[in-house]
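# Coordinate inspection notes
Now for the letters of each chain:
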Amino acid sequence: KNQVEQSPQSLIILEGKNCTLQCNYTVSPFSNLRWYKQDTGRGPVSLTIMTFSENTKSNGRYTATLDADTKQSSLHITASQLSDSASYICVVTSNQAGTALIFGKGTTLSVSS
Amino acid sequence: SAVISQKPSRDICQRGTSLTIQCQVDSQVTMMFWYRQQPGQSLTLIATANQGSEATYESGFVIDKFPISRPNLTFSTLTVSNLSPEDSSIYLCSVEVAWERPNTDTQYFGPGTRLTVL
């Protein structure tokens, strides 16, 4: 069964600290993996997208990694800011029977001052 | 990228009524998607709407409850019919933009419509 599991479910960190969010998936066949940031009351916004051959992708203070062998991805946030408080969703795309997006439940990050 | 707007941004409706949500995209797209996000949950795909054909519904969602229109390549509506409190959710429309690099098609989401049913 295609699944995307994220951990932790929620996280609280102090402003300026780093943090890493995890995503494990059992999706096959794999097409790509995306990380989205969803602010409260808003739609998700794409942060990164990685294909099978990519190990790391950066977008400002966000760095995503992908290990296609172990089917794991991480999103590292450097020097966190209050505006980083949001839900971070890992989404894996499968090309089986058309294009299907499998969503993780997200990690809720709270950055406090 | 694609800029997506939705109307209304939020609404409070009475049980048994219906709400129609509009989705407008700033460019022509072939496929538009409608998602539901229940409180504390991730996104669930309701249906895929292609211009000129009937929408394709996911398991658990039916046309009588969630009729969709797709009159042109930049616009779609989702109606949530015969509302009950269980329909209280955020409803999001989304489009997929194809890029030249293989396997990097990206979905862009609208801001969502927050529906509360009393």
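Our subject is the structure listed above.
Attention here is on the structure that accompanies the text. Just so it is clear, the model here is predicted, and its values are computed rather than measured.

With that settled, consider the overall build of chain B. Scanning chain B from N- to C-terminus turns up zero helices and 11 strands. Walking chain B from its N terminus toward its C terminus, one meets helices and strands in the order β-β-β-β-β-β-β-β-β-β-β. The C-alpha radius of gyration of chain B comes to 14 Å, within 12% of the 13 Å expected for a compact globule of 118 residues. When each of the 118 residues of chain B is scored for burial, the buried share is 49%. Residue pairs in contact within chain B that sit at least 24 positions apart in sequence constitute 54% of those at least 6 positions apart. Carbon together with sulfur atoms contributes 49% to the accessible area of chain B, which is approximately 5,900 Å² in total. With 8 positive and 10 negative side-chain charges, chain B shows a spacing of 9 Å between the two charge centroids.

Another point: the state of the cysteines. Applying the stated criterion across every chain, the model contains two disulfides over all chains. For A:C23, the disulfide goes to A:C90, at an S-S distance of 2.0 Å. Between A:C23 and A:C90, the S-S torsion sits near -65°, and that sign places the bridge as left-handed. Residue A:C23 is found in strand β3 (residues 19–25), and its partner A:C90 is found in strand β9 (residues 86–94); the two are separated by 67 residues along the sequence. Residues A:C23 and A:C90 agree in their burial class; the two are buried. The disulfide partner of B:C23 is B:C93, and the gap between their sulfur atoms is 1.9 Å. As the torsion about the S-S bond is roughly 70°, the B:C23-B:C93 disulfide counts as right-handed. Taken together, the residues span a long stretch of sequence, with B:C23 in strand β3 (residues 19–25) and B:C93 in strand β9 (residues 89–97) at a distance of 70 residues.

Moving on, we get to the interface of chain A and chain B. Counting from both sides, the interface comprises 21 residues of chain A and, opposite them, 18 residues of chain B. Here chain A meets chain B over a buried area of about 1,500 Å², counting both sides, of which 49% is carbon and sulfur. Taken together, the connections running from chain A to chain B amount to one salt bridge. With a closest N to O distance of 4.0 Å, B:E96 and A:R34 form a salt bridge. For the interface between chain A and chain B, the tally reads four residue pairs in polar contact (both at pLDDT 80 or more). Contributing elements (two or more residues each) for the side of chain A that touches chain B: β4 (30–38), β5 (45–51) and β10 (100–103) of chain A. In terms of residues, the side of chain A that touches chain B owes the most to one element, β4(A), which gives five residues.

Cut-offs and rules
Residues numbered from 1 in each chain as written. Chains lettered and ligands numbered in written order. Predicted model: local features only at pLDDT ≥ 70, side-chain atom pairs only at ≥ 80, totals over all residues. Heavy atoms only, no water. Helix = DSSP H or I, 4+ residues; strand = E, 2+ residues; numbered from the N terminus. Rg over C-alpha atoms; globule rule 2.2 N^0.38 Å. Buried < 20%, exposed > 50% of the residue type's maximum accessible area, 1.4 Å probe, protein only. Contact = heavy atoms within 4.5 Å. Areas by Shrake-Rupley, 256 points an atom, 1.4 Å probe, with all protein chains shown as cover. Lys, Arg positive; Asp, Glu negative; His and termini not counted. Charge placed at Lys NZ, Arg CZ, Asp CG, Glu CD. Disulfide = S-S within 2.5 Å. Buried area = accessible area lost by both parts, 1.4 Å probe. Salt bridge = Lys/Arg side-chain N within 4 Å of Asp/Glu carboxyl O. Polar contact = N/O pair within 3.5 Å; in protein donor to acceptor, adjacent residues only side chain to side chain.

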